[in-house]
Amino acid sequence: MEDKKKKLSMVVFSGDMDKLMAAFIIATGAAASDMDVTMFFTFWGLRAIKKPVNTGKGLFGKMLGFMYGGDIRKATPSKFAFWGMGRWMFRKMMAAKGVLSLVEFRQLALDLGIKFYPCSMSMDVLEIRDEDFIEEAQPSVGVGFFIAEALESQITLFI
Amino acid sequence: MEDKKKKLSMVVFSGDMDKLMAAFIIATGAAASDMDVTMFFTFWGLRAIKKPVNTGKGLFGKMLGFMYGGDIRKATPSKFAFWGMGRWMFRKMMAAKGVLSLVEFRQLALDLGIKFYPCSMSMDVLEIRDEDFIEEAQPSVGVGFFIAEALESQITLFI
Amino acid sequence: MEDKKKKLSMVVFSGDMDKLMAAFIIATGAAASDMDVTMFFTFWGLRAIKKPVNTGKGLFGKMLGFMYGGDIRKATPSKFAFWGMGRWMFRKMMAAKGVLSLVEFRQLALDLGIKFYPCSMSMDVLEIRDEDFIEEAQPSVGVGFFIAEALESQITLFI
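So, a few notes on the structure that sits alongside this text. Counting of residues starts from 1 at the beginning of each chain's written sequence and follows it residue by residue. The order in which chains are written sets their letters, starting at A; the order in which ligands are written sets their numbers, starting at 1. With the structure being a predicted model, the display of local features is reserved for residues of pLDDT at least 70 and the display and counting of side-chain atom pairs for 80 or more, all residues being used for whole-chain, interface and lining totals. Think of the side-chain values as coming from all heavy atoms in the structure, minus any hydrogens and water.

**Looking at the overall build of chain A**
Only DSSP runs of H or I reaching four residues or more are called helices, and only runs of E reaching two or more are called strands; each is numbered from the N terminus. For chain A, the count of helices and strands is six helices and four strands. Ordered by position in the sequence, the α and β elements of chain A form the string β-α-β-α-α-α-β-α-α-β. A compact globule built from 159 residues would reach a C-alpha radius of gyration of about 15 Å, and chain A, at 16 Å, matches this within 12%. Counting the 159 residues in chain A, one finds 57% classified as buried. Any two residues whose heavy atoms approach within 4.5 Å at even a single point are treated as in contact. For chain A, contacts bridging at least 24 residues in sequence account for 69% of all contacts bridging at least 6. Counting every atom, chain A has about 6700 Å² of accessible surface; 53% of that belongs to carbon and sulfur. Computation of the radius of gyration draws on C-alpha atoms, with the globule rule given as 2.2 Å multiplied by the number of residues to the power 0.38. Here the term buried applies to any residue with accessible area under 20% of the maximum for its type, exposed to any over 50%, and partly exposed to those in between, with areas from a 1.4 Å probe on protein chains only. The protein chains shown are the only cover counted for residues, whose accessible areas, like all others here, come from Shrake-Rupley with a 1.4 Å probe.

**Quick look at the packing of aromatic side chains**
Residue and element names in this part refer to chain C. To pair, rings of Phe, Tyr and Trp, with the six-membered ring standing in for Trp, must have centres within 6.5 Å; the planes then decide the type, stacked if under 30 degrees apart, edge-to-face if over 60, and tilted in the middle. Evaluation of the coordinates by the stated rule reveals 27 aromatic pairs over all chains. Relative to Phe-41, the ring of Phe-24 has its centre 6.4 Å away and its plane inclined at 35°; by these criteria the two rings are tilted. Residue Phe-24 is found in helix α1 (residues 17-32), and its partner Phe-41 is found in strand β2 (residues 36-41); the two are separated by 17 residues along the sequence. According to the relative accessible area criterion, Phe-24 is buried, its value standing at 0%. Consider the rings of Phe-41 and Phe-116, whose centres lie 5.4 Å apart with planes at 80°: the pair is edge-to-face. With Phe-41 in strand β2 and Phe-116 in strand β3 (residues 115-118), the pair connects residues that are 75 residues apart, well separated along the chain. For Phe-41, a relative accessible area of 0% gives the class buried.

**Here we look at unusual backbone geometry**
Residues and elements named next belong to chain B. The backbone phi angle of Glu-127 is positive, close to 60°, even though this residue is not glycine. With respect to the helices and strands, the residue Glu-127 is situated in the loop between α5 (120-126) and α6 (143-151). Residue class for Glu-127 comes out buried when judged on its relative accessible area of 15%.

**A few points about the side chain of Lys7(A)**
Residues and elements named next belong to chain A. Within the fold, Lys-7 resides in strand β1 (residues 7-12). The buried category is assigned to Lys-7, whose relative accessible area is 13%. Apart from residues lying up to four places away in sequence, Lys-7 is in contact with Met-35, Asp-36, Thr-38, Glu-149, Glu-152, Ser-153, Gln-154 and Ile-155.

**With respect to the interface of chain C and chain A**
Across the boundary between the two partners, chain C contributes 25 residues, which contact 32 residues of chain A. Each of two parts loses accessible area, computed with a 1.4 Å probe, when they are put together; buried area is these two losses added. Between chain C and chain A lies a buried interface of about 2500 Å² when both sides are counted; carbon and sulfur atoms form 84% of it. Looking only at chain C, the three residues that lose the most surface to chain A are Phe60(C), Val125(C) and Phe158(C), adding up to 25% of its buried area. Only one rule defines a salt bridge in this text: a Lys or Arg side-chain nitrogen within 4 Å of an Asp or Glu carboxyl oxygen. At the boundary of chain C and chain A, one finds one salt bridge. Lys97(A) is paired through a salt bridge with Glu127(C); the nearest N and O atoms lie 3.0 Å apart. Within 3.5 Å is the distance limit for a polar contact, defined as a pair of N or O atoms, with the added protein rule that one can donate a hydrogen and the other accept it, and that residues adjacent in sequence qualify only through two side-chain atoms. Taken together, the links from chain C to chain A amount to two residue pairs in polar contact (both at pLDDT 80 or more). Contributions of two or more residues to the side of chain C that touches chain A are made by α2 (59-67), α5 (120-126), α6 (143-151) and β4 (155-158) of chain C. Residue classes follow a fixed rule: Ala, Val, Leu, Ile, Met, Phe, Trp, Tyr, Cys and Pro count as nonpolar, while Asp, Glu, Lys and Arg count as charged, and any other residue, Gly among them, counts as polar. A class-by-class count of the residues in the side of chain C that touches chain A yields 19 nonpolar, two polar and four charged.

**Some words on helix α1 (residues 17-32) of chain B**
Residues and elements named next belong to chain B. The terminal C-alpha atoms of α1 lie 22 Å apart, and with 16 residues this matches the ideal 22 Å at 1.5 Å per residue to within 8%. Of all 16 residues making up α1, 15 are buried, and the element is well covered by its neighbours. Phi turns positive, to about 70°, at Asp-34, one or two residues after α1. To estimate how far a helix should reach, multiply one less than its number of residues by 1.5 Å.

Given below as structure tokens:
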């Protein structure tokens, strides 16, 4: 019991650049503090672990894949995104301060052993398939898996 | 002690269609995993347990009731809502995949014994009265009630 | 052990008027329930503990300081903000119901002994300095500090 690691579980619902930054900063910070970290990506958050492909088979799915296509590099901040330049500006500011990019943070998370699980129900609704995700992603899981993880966690967050 | 159920408490702040989906999926998933689940609806989340009526007595309250009136069926997704068709499109996609609608998820939550509590302070500010909620809703409570519930919970989320 | 206070930790990511209200209502409610409360302000949430000054040194930082300048009094609600009158209207409705303003809630939080910590990484990115915060704010901290606090907490929220 005493050598069991503390655990953090996180639902990543948002696909916004700034919220994904917060999610990965907290996740990697926890892993660096020797915690086990599990991230569940659902709805818009699924973009964070997608390959840079458009998705969708049906009409609506294709439309959504077109509107919300691309991968983590396409994430825009939740504020000032409508300026178009929001993403570009934040990247510049982060690089100038030596802060990792989202792609780098995601890789750091993987290097630290953090597990990425896509939520199967939101994949169904948004018409995203297992093969649309990066290879490091785990197989998709249902909500029961998340509940079980959260019950073993000292910290659980919804972002 | 050993036959005491695990517990999940949730603050539902958002009234967005997609976030309400996430909230009800997690809540019903936890209840299906034999947990006690309590949902506290506050601010925009109050819409999820409202009757389909406009609310408000004063000028601002009436305006808000008009702008934000209706019930859970009026919830729009946090993304692509400005297209107007966002709500309609998501409903179609969910139905096509056999995913429950928000109304059906809410009923499932009630059937599973999940308790819905409206937050009295945000009701005051937004000029929503106890009788504006569906009959299955519990009497309104203050923040102290939520804190007490969260202290007994293994999982607490703010959505 | 039995005289150790229960603890609540909160990441305040949002700078929206309504979410800050929810954050301060929960935080002060927990403190009033005799809990230790720690609030970590990050990204847009940093505005909640800023002085009413514009920030930024570089071009982008100055632009952001201009667009997102001012202090907690400038926070706008996450809905209906585009009407411009959203902030004014909500203040009126809150005052009419005898609900504290954000400034008053922040002061109540301080009076109840709640600690405000700014996140150093988001300060770096957004070009906000320690001296830009109100005097009651604690020195800035990294994510490791938050993880340590959350591990000692019975309730942890991301708002």
